[in-house]
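Secondary and tertiary structure notes
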Amino acid sequence: MTPTIQKLQAFAAARDFEPLPDTPAHELAEVLHAFSAARVNATGHGPANDRYSHLIDCEFSKEMQARFHVRFDLRVFVVLPYVMSDGVRQLAVDHAELAELCAPFVKMLQDRKFDQISFDDAARSLSDEMFDKGFADDTVLAYFFESL
């Protein structure tokens, strides 16, 4: 277990697993500007409904996309890369070309002192107590980023 995941687990437990959305962040505009300067179609969204993080949707091409879930308050993020196939978005966490396309953006966030959480760590179970708080699943992804 990484130190970042340990820190997040302690944070969630201290809050008794109550939902806590990221606060509005002026830094989102700066990050979006940097993404757009790299000539990628990027759209940003703040926390809403069951999304607890800021979301940056990136479209590298019609077939290759990525969603960056960013917590500005906790300085963590997770990247969910997708390949479009027959109009269906498919998660592609081991897609080499998508990883290459995302790499400059990952570095940019890391240069801003964000820690990346891998998909495997984001899919890790956090606590069964989350179900009592209305979460659809008990993962790190659901608590800190988006409860689907």
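Please refer to the structure placed before this passage.
Predicted, not measured: the structure shown is a model, and the values here were computed from it.

Rules of the game
- Sequence positions are assigned chain by chain, starting from 1 and proceeding in written order.
- Reporting in this predicted model follows two pLDDT cut-offs: at least 70 for local features of residues, and 80 or more for side-chain atom pairs to be given and counted; totals over whole chains, interfaces and linings ignore these cut-offs and use all residues.
- Side-chain metrics rest on all non-hydrogen atoms present in the structure, leaving aside hydrogens and water.
- Elements are defined by DSSP. Helices are runs of H or I of four residues or more, strands are runs of E of two residues or more, and each kind is numbered from the N terminus.
- For every residue, the accessible area (1.4 Å probe, protein chains only) is compared with the maximum for its type, and the residue is labelled buried under 20%, exposed over 50%, or partly exposed between those bounds.
- Residues are treated as being in contact if the distance between any of their heavy atoms lies within 4.5 Å.
- We get accessible surface area from the Shrake-Rupley algorithm with a probe of 1.4 Å; when it comes to residues, only the shown protein chains can shield them.
- Within this analysis, the arc is defined by the directions that extend from the helix axis to the C-beta atoms.
- By nonpolar core is meant a set of buried Ala, Val, Leu, Ile, Met, Phe, Trp, Tyr and Cys residues that side-chain atoms within 4.5 Å join together.

For the rest of this paragraph, the subject is the overall build of the protein. Along its length, the protein carries six helices and six strands. Ordered by position from the N terminus, the helices and strands of the protein form the series α-α-β-β-β-β-β-α-β-α-α-α. Reported as C-alpha extents along the three principal axes, the dimensions of the protein are approximately 40 × 35 × 30 Å. Here the protein, with 148 residues, has 43% of them falling under the buried criterion. Restricting the contact set of the protein to residue pairs at least 6 apart, pairs at least 24 apart contribute 52%. Counting only carbon and sulfur atoms, one obtains 50% of the accessible surface of the protein, whose full area is about 7,700 Å².

Mapped onto the fold, A42 is located in strand 1 (residues 41-45). Distance from A42 to F68, taken between C-alpha atoms, is 10.0 Å for residues 26 residues apart in sequence. Those residues within four positions of A42 in sequence are excluded, and the remaining contacts are L32, F35, S36, I56, D57 and C58.

Along helix 2 (residues 27-37), the positions that sit buried rather than exposed are E27, L28, V31, L32 and F35. In a view along the axis of helix 2, the buried residues occupy a sector of 135°, so they form one face of it. Seen from the buried face of helix 2, the exposed residues on the opposite side, beyond 90 degrees, are A29, H33 and A37. As for helix 2, its buried residues are in contact with strand 1, strand 2 (54-59), strand 3 (64-71) and helix 3 (96-111). Note on helix 2: the residue one or two positions beyond its end, R39, has a positive phi of about 65°.

Within the largest apolar cluster, 21 residues are counted, with the highest numbers of intra-cluster contacts made by L8, I117, L126, M130, Y143, F144 and F145. If you list the elements that add at least two residues to this core, you get helix 1 (3-14), strand 4 (76-85) and helix 6 (140-144). With five residues, helix 6 is the largest single contributor of residues to this core. Counting 20 residues, the second largest nonpolar core, distinct from the first, contains C58, F68, F77 and V106.

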